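Fold and contact review
One letter stands for each residue in the lines below.
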Amino acid sequence: MAEGGFFSRLSNLWTGFLSVFMGNMEKDNPEAIYEAAINARKEQYKELKKAVSGIIVLRNKLAAELEEKSAQIKDLDLQIQTAVEADEDDVALVLIQRRDELTSRVAKVEVELQQAKDEAEEAKASIISFQADIEKLER
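Below or above, wherever it landed, is the structure these notes cover. None of these values were measured; they are calculated from a predicted model.

1. A few points about the side chain of Lys69
With respect to the helices and strands, the residue Lys69 is situated in helix α2 (residues 30-85). Glu68 is the oppositely charged side chain nearest to the buried, salt-bridge-free Lys69, at an N-O distance of 4.3 Å. With sequence-adjacent residues up to four places away left out, Lys69 is seen in contact with Leu102, Arg105 and Val106.

Here is the structure:
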């Protein structure tokens, strides 16, 4: 146990020495501290931009899916009408079931799309805030 205490105390002494040394360096070089803060914010800004691009890609994908599914529903409506007029009830029932499935998916995509739009707006505001923070630090 004595050895563990000795090494622990030695580690604490070394950590304390480094803290004092770094504190003195920071006092002597405040520009370095600001530069480090600016660089850290810029790195966070890059990561935020990556996340935002992912949200935008998702939003665009959902918008395209919504457009595609809506077009498919319109086509199915025409096919259903044709099947009913031709007295092909079995075909009409299958088409109606498919239209109902697509309608359900469209409702889900609309919700997901709205969420993606909201997230994109929030992310846009965060990017603007980050840019302002970086500019303040650079001044």
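Here the narrative resumes, following the displayed structure.
2. Digging into a negative patch on the surface
Taken together, the side chains of Asp87, Glu88, Asp89 and Asp90 make up a negatively charged region of the molecular surface. Relative to the helices and strands, Asp87 is located in the loop between α2 and α3 (89-138).

3. Some details on the environment of Arg59
Assignment of secondary structure puts Arg59 in helix α2. Using a relative accessible area of 25% as the deciding quantity, one classes Arg59 as partly exposed. Once the C-alpha coordinates of Arg59 and Leu113 are considered, the two residues, 54 residues apart in sequence, prove to be 5.9 Å apart. Residues in contact with Arg59, not counting those within four places in the same chain, are Leu113, Ala116, Lys117 and Ala120.

What counts and what doesn't
Residues numbered from 1 in each chain as written. Predicted model: local features only at pLDDT ≥ 70, side-chain atom pairs only at ≥ 80, totals over all residues. Heavy atoms only, no water. Helix = DSSP H or I, 4+ residues; strand = E, 2+ residues; numbered from the N terminus. Buried < 20%, exposed > 50% of the residue type's maximum accessible area, 1.4 Å probe, protein only. Lys, Arg positive; Asp, Glu negative; His and termini not counted. Salt bridge = Lys/Arg side-chain N within 4 Å of Asp/Glu carboxyl O. Contact = heavy atoms within 4.5 Å. Patch = residues over 30% accessible without salt bridge, like charges linked within 9 Å, V, L, I, M, F, W, Y side chains within 5 Å. Areas by Shrake-Rupley, 256 points an atom, 1.4 Å probe, with all protein chains shown as cover. Charge placed at Lys NZ, Arg CZ, Asp CG, Glu CD.

Everything listed here is a matter of geometry and, on its own, says nothing about what the molecule does.
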